[in-house]
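Observations on the model geometry
The primary structure of each chain is shown beneath.
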Amino acid sequence: MTTTQIDQLLGSSRQRKLGAGSLQTLAILDLCGGSAKLGVIAGRLCVSTAAMTSLADRLTKAGLVQRSFPKTDRRVIHLELTFHGREVLKQILSENSEPAATA
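In this report, we go over the structure that sits alongside the text.

At their nearest, the axes of helix α3 (residues 38–45) and helix α4 (residues 49–61) sit 9 Å apart, and the two run at 110° to each other. Considering the angle they form, α3 stands roughly perpendicular to α4. Residues Leu-38, Gly-39, Ile-41, Ala-42 and Leu-45 of α3 form the contact with α4, whose participating residues are Thr-49, Met-52, Thr-53, Leu-55 and Ala-56.

Our next topic: the packing of helix α2 (residues 20–31) against α4. The geometry of α2 relative to α4 is characterised by a closest axis approach of 11 Å and an angle of 80° between their N-to-C directions. Regarding the angle of α2 to α4, the classification is roughly perpendicular. Together, Gly-21, Ser-22 and Thr-25 of α2 and Met-52, Leu-55 and Leu-59 of α4 make up the contact between the two elements. Partitioning the contact of α2 with α4 into residue classes produces three nonpolar, three polar and no charged.

So, on to the environment of Ala-20. Among the structural elements, Ala-20 can be located in helix α2. Ala-20 sits in the partly exposed class, given a relative accessible area of 38%. On a C-alpha basis, the gap between Ala-20 and Leu-10 in space is 6.3 Å, while along the polypeptide they are 10 residues apart.

The rules behind each value
Residues numbered from 1 in each chain as written. Predicted model: local features only at pLDDT ≥ 70, side-chain atom pairs only at ≥ 80, totals over all residues. Heavy atoms only, no water. Axes fitted to C-alpha atoms, helices over the stretch in contact; angles between N-to-C directions. Helix = DSSP H or I, 4+ residues; strand = E, 2+ residues; numbered from the N terminus. Parallel < 35°, antiparallel > 145°, perpendicular 65-115°, else oblique. Contact = heavy atoms within 4.5 Å. Nonpolar A, V, L, I, M, F, W, Y, C, P; charged D, E, K, R; others polar. Buried < 20%, exposed > 50% of the residue type's maximum accessible area, 1.4 Å probe, protein only.

It is worth stressing that arrangement in space is one thing and function is another; only the former is reported here.
Listed below in structure tokens is the structure:
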């Protein structure tokens, strides 16, 4: 992926009032099958769990993810991509999936 393509992805996400961390979180969840532990996502983004909790709050408020708590260990927090979150990610990716022009 080129820097131009990354800039285009970020531009599309900013139009939807999503920052780079939000876009990366949606993409990570999608790659993980729609659900992952909050701590795992924080590790992949190289942010603290406190920062990830704040990001999760914003994504939950926007209806893009939801939290779930396994019955076996209520201390663990999972984030799950919602239908709306999948659709938003799909739109961002499809807007930027045109092949790069070759010279």
